[in-house]
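Residue-level listing of the chains:
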Amino acid sequence: MKLLLVMMLCLGSSSVVTAQDAQPMTIRPELIDSIIEIRGQNYVLDHADLEEYPHGRGERIYISSLESKGFAEISFFDDEDSPEQTIAVMLSEFESASSRFEVLKQGNVGNIHYALAHFRLPGYEGYFYIEVAQDVDGNVDIQQNFYSLNADFSEQLALVREDVTIDGVPFLQAPVIDLDDIIAEHAAQQATLAATPVVETYVVRDTDVTIVSPVRSYNELSNDVLDVVFFSTATGEANGLIGYLQDDETIPANVIRAIVADTPQGERPAEEIEVKTLSDEHAVGLYLVPSREGDMLMVISASRHDGDIWRIESLAAPPDAFMSEYQEIIGHVSMDNRPIFEDTDIESLIDDAEMAP
C-alpha cells in the first residue's frame, strides 16, 4: 500500500497558512500533464509532497482554508493500487485520528470511486468526502478529497470550488452522489438520536447502575472481588467505571492506593498527585496515568457501602479536557439514583492540586 502521511486533522485550530499567503498560484504536477490553479481568496496551498514507494509514485497537493474551516487534497497516483485500495487507506487514516467514525456511503459510478464519512474529534464533528478517478492519463489515478465541520461543509466546499480548479474545472465540481441530500438525512438522524436518549441499565450487587447517552457503557466485569461497569464519554476521550469492590481494608485512602497499585502499569507507574480523606469512610484520589496517547488525569473515589463492600467511581481523561468530560457524565451515570461523584468536589480537588488547564 502507499506510504501515506497521516492526515493532520486541524479543524478548529490555527491554520498553518496566513493571509499573506493569499495569492494566485499555478501548480504543474510532475506525474500528469495538468494545471492546478489556486486563486488564494479563501484557499491557499498548504504543502505538496512527491512520494516514491516500491510499487509506484504519488504526488499529493494539500490546500487549506485561511480560516482553518476546510481542508482539500488533490493527488495523483501512478502505481499498482486500485481506487478501492486508495480509498480504504484514506478512510483508515481518518478513522485512526477520529474518536468516532462512520462511513455513510461508498461505491463507484463508472470509473469514479467514492466514499462519504462522518467523523468526530474532541469537540468537533464533520464530514469527509473522497473521489478517485481511475486511469485518467495512462495508469495515473486522480484523487480529490475534502473535509470540514458539520455546519461548514457545504459552504466551504463551495468556496474551495471557487478558488481551486484542475484544468479549468472546479475542484469536486460534480460529485457522483448528492452530498447535500445524504448529509441532510444523516444530520436529521443525528438530531433524532440526540433527542431520544439511550438508557442502559445494569444490576450490580443488587443495585441498579444507569448510564444515559451521550455517555455509553462498553464493558462489564463481575468476579468474587469486583463488580463494575465501564463507560466512555461521547468524544471517546474519557473513560471510567462505577460499581463495587470487596476489600477488608478499613481506611478508604488505602483502598484507593491498592486499586491503583493493582492496575496494570505501563512504562512507568501512575503518579499520585493527591489522596484526600473526606471522612472515615470516604476518600478520593487524583493521579496522572501514562497511556499510549499521552498522560491521563484520573480521579478515583472509594466510599464504604456496607461492611467490606466499597463503592468505587473513577474517571480518566486528558488533563486539558478533563473538566469538560466530567461535566458530560454528571447526570448521565448513577447507581440506585445516586449520581457519580455525588459527594466529591472534583473541581476543587483539581484546582487545589493546580491541575486545572
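Every value quoted in this text rests on a predicted model; they were computed, and no experiment measured them. (Residues numbered from 1 in each chain as written. Predicted model: local features only at pLDDT ≥ 70, side-chain atom pairs only at ≥ 80, totals over all residues. Heavy atoms only, no water.)

S.K.: Tell me what's going on with the overall build of the protein chain, and back it up with residues and numbers.
M.R.: Across its full length, the protein chain holds 6 helices and 22 strands. Overall, the protein chain is about 80 × 40 × 35 Å in size when its C-alpha atoms are taken along their principal axes. Counting only residues that meet the buried cut, the protein chain has 48% of its 357 residues in that class. Looking at the protein chain alone, contacts between residues at least 24 apart form 51% of all its contacts between residues at least 6 apart. Surface accessibility of the protein chain: about 17200 Å² in total, with carbon and sulfur atoms responsible for 47%. The distance from the centre of the 19 positive side-chain charges to the centre of the 66 negative ones in the protein chain is 1 Å. (Helix = DSSP H or I, 4+ residues; strand = E, 2+ residues; numbered from the N terminus. Buried < 20%, exposed > 50% of the residue type's maximum accessible area, 1.4 Å probe, protein only. Contact = heavy atoms within 4.5 Å. Areas by Shrake-Rupley, 256 points an atom, 1.4 Å probe, with all protein chains shown as cover. Lys, Arg positive; Asp, Glu negative; His and termini not counted. Charge placed at Lys NZ, Arg CZ, Asp CG, Glu CD.)

S.K.: Explain a negative patch on the surface to me, and be specific about the residues and the numbers.
M.R.: There is a patch of like negative charges on the surface, built from Asp33, Glu37, Asp137 and Asp167. Among the structural elements, aspartate 167 can be located in the loop between strand 10 (164-166) and strand 11 (169-170). (Patch = residues over 30% accessible without salt bridge, like charges linked within 9 Å, V, L, I, M, F, W, Y side chains within 5 Å. Salt bridge = Lys/Arg side-chain N within 4 Å of Asp/Glu carboxyl O.)

S.K.: Go over helix 4 (residues 252-262), please, and point to the residues and values.
M.R.: When helix 4 is considered as a whole, its buried residues turn out to be Pro252, Ala253, Val255, Ile256 and Val260. One face of helix 4 carries all of its buried residues, which in axial projection span an arc of 160 degrees. For helix 4, the exposed residues set more than 90 degrees away from the buried face come down to Ala261 and Asp262. (Arc of directions from axis to C-beta.)

S.K.: Requested: an account of the nonpolar core, with residues and values cited.
M.R.: One broad rule of soluble globular proteins: the nonpolar side chains tend to lie buried together. Formed by 31 residues in total, the largest nonpolar core has its most connected members in Ile36, Ile74, Phe76, Phe146 and Phe171. Ranked by the residues each element gives to this core, the list is headed by helix 2 (residues 153-163), at 4 residues. Residues within four places of isoleucine 74 in sequence aside, it is in contact with Ile36, Glu59, Arg60, Ile61, Ile63, Ile142, Gln143, Val164, Ile166 and Phe171. Core analysis: the next-biggest nonpolar cluster, separate from the first, contains 29 residues, Val204, Tyr244, Val284 and Ile309 among them. (Core = buried A, V, L, I, M, F, W, Y, C linked by side-chain atoms within 4.5 Å.)

S.K.: Explain the packing of aromatic side chains residue by residue, including any values.
M.R.: Aromatic ring pairs are described here by two measures, namely the spacing of the ring centres and the angle between the planes. Counted by the stated rule, this structure contains 11 aromatic pairs. The interplanar angle of 75 degrees and the centroid separation of 6.1 Å between the aromatic rings of tyrosine 127 and phenylalanine 153 together place this pair among those described as edge-to-face. Taken together, the positions of tyrosine 127 in strand 8 (residues 124-137) and phenylalanine 153 in helix 2 put the pair 26 residues apart, joining distant regions of the chain. Across the pair, exposure class does not vary: tyrosine 127 and phenylalanine 153 are buried alike. Residues phenylalanine 128 and tyrosine 147 carry aromatic rings whose centres are separated by 6.4 Å and whose planes lie at 65 degrees to one another, so their mutual orientation is edge-to-face. Of this pair, phenylalanine 128 sits in strand 8 while tyrosine 147 is found in strand 9 (residues 140-149), placing the two residues 19 residues apart along the sequence. (Phe/Tyr/Trp six-rings, centres within 6.5 Å; stacked < 30°, edge-to-face > 60°.)

S.K.: Kindly report on the pattern of salt bridges, identifying the contributing residues and their values.
M.R.: Under the criterion given, the structure shown has 12 salt bridges. Among the ionic pairs, arginine 60 bridges to glutamate 51, the shortest N-O distance being 4.0 Å. Accessibility assignment for this pair places arginine 60 and glutamate 51 in one class, buried. Look at the salt bridges and you will find they share partners, linking Glu51, Arg60 and Glu73 into a network.

S.K.: Give a detailed account of the pairing of strand 12 (residues 199-204), specifying residues and quantitative values.
M.R.: Because side chains alternate across strand 12, one face comprises the buried residues Glu200, Tyr202 and Val204, and the other comprises Val199, Thr201 and Val203, none of which is buried. Here strand 12 folds back onto strand 13 (residues 207-212), and the loop between the two strands holds 2 residues, one of which, arginine 205, carries a positive phi near 50 degrees. (Pairing = 2+ DSSP bridges.)

S.K.: Give a description of the pairing of strand 19 (residues 296-306) that names residues and reports values.
M.R.: Where a strand is regular, its side chains alternate between the two sheet faces. Of all the 11 residues making up strand 19, 8 are buried; the element is thus mostly covered by neighbouring parts of the structure. Sheet analysis places strand 18 (residues 282-289) next to strand 19, joined by 8 bridges and oriented antiparallel. Of the residues in strand 19, the one forming a bridge with leucine 286 is valine 299. Relative to strand 20 (residues 309-317), strand 19 is paired through 9 bridges, and the arrangement is antiparallel. Bridge assignment links alanine 302 to a residue of strand 20, and that residue is isoleucine 312. Linkage of strand 19 to strand 20, two consecutive antiparallel strands, is achieved through a turn of 2 residues, within which glycine 307 is found at a positive phi near 60 degrees.

S.K.: Report on the side chain of glutamate 313, specifying residues and quantitative values.
M.R.: Relative to the helices and strands, glutamate 313 is located in strand 20. At a separation of 3.1 Å, a polar atom in the side chain of glutamate 313 contacts the side chain of arginine 311. A polar contact is formed between the side chain of glutamate 313 and the backbone nitrogen of phenylalanine 341, at a distance of 2.6 Å. Setting aside anything within four residues of it in sequence, one finds glutamate 313 in contact with Leu241, Ile242, Val299, Ile300, Ser301, Pro339, Ile340, Phe341 and Glu342. (Polar contact = N/O pair within 3.5 Å; in protein donor to acceptor, adjacent residues only side chain to side chain.)

S.K.: Which residues make up the sheet that holds strand 2 (residues 36-38), and what values do they have?
M.R.: Adjacent strands of a sheet form backbone hydrogen bonds with each other and so pair up, either parallel or antiparallel. Strand order in the open sheet formed by 4 strands is 1-2-10-11, with antiparallel pairing between adjacent strands. The open sheet terminates on both sides in strands that have one partner only, identified here as strand 1 (25-27) and strand 11. With 2 bridges connecting them, strand 10 and strand 11 associate as antiparallel partners. Each bridged residue has a counterpart across the sheet, and for threonine 165 the counterpart in strand 11 is proline 170. Along the sheet, helix 2 makes contact with strand 2, strand 10 and strand 11, crossing strand 10 at roughly 60 degrees. (Axes fitted to C-alpha atoms, helices over the stretch in contact; angles between N-to-C directions.)

S.K.: Describe unusual backbone geometry, with residues and values.
M.R.: With an omega of 15 degrees, the peptide bond between serine 213 and proline 214 qualifies as cis. If you trace the backbone, proline 214 turns up in the loop between strand 13 and strand 14 (216-222). Even without being glycine, serine 68 reaches a positive phi, approximately 55 degrees. With respect to the helices and strands, the residue serine 68 is situated in the loop between strand 4 (56-65) and strand 5 (70-79). What makes serine 68 buried here is its relative accessible area of 4%.

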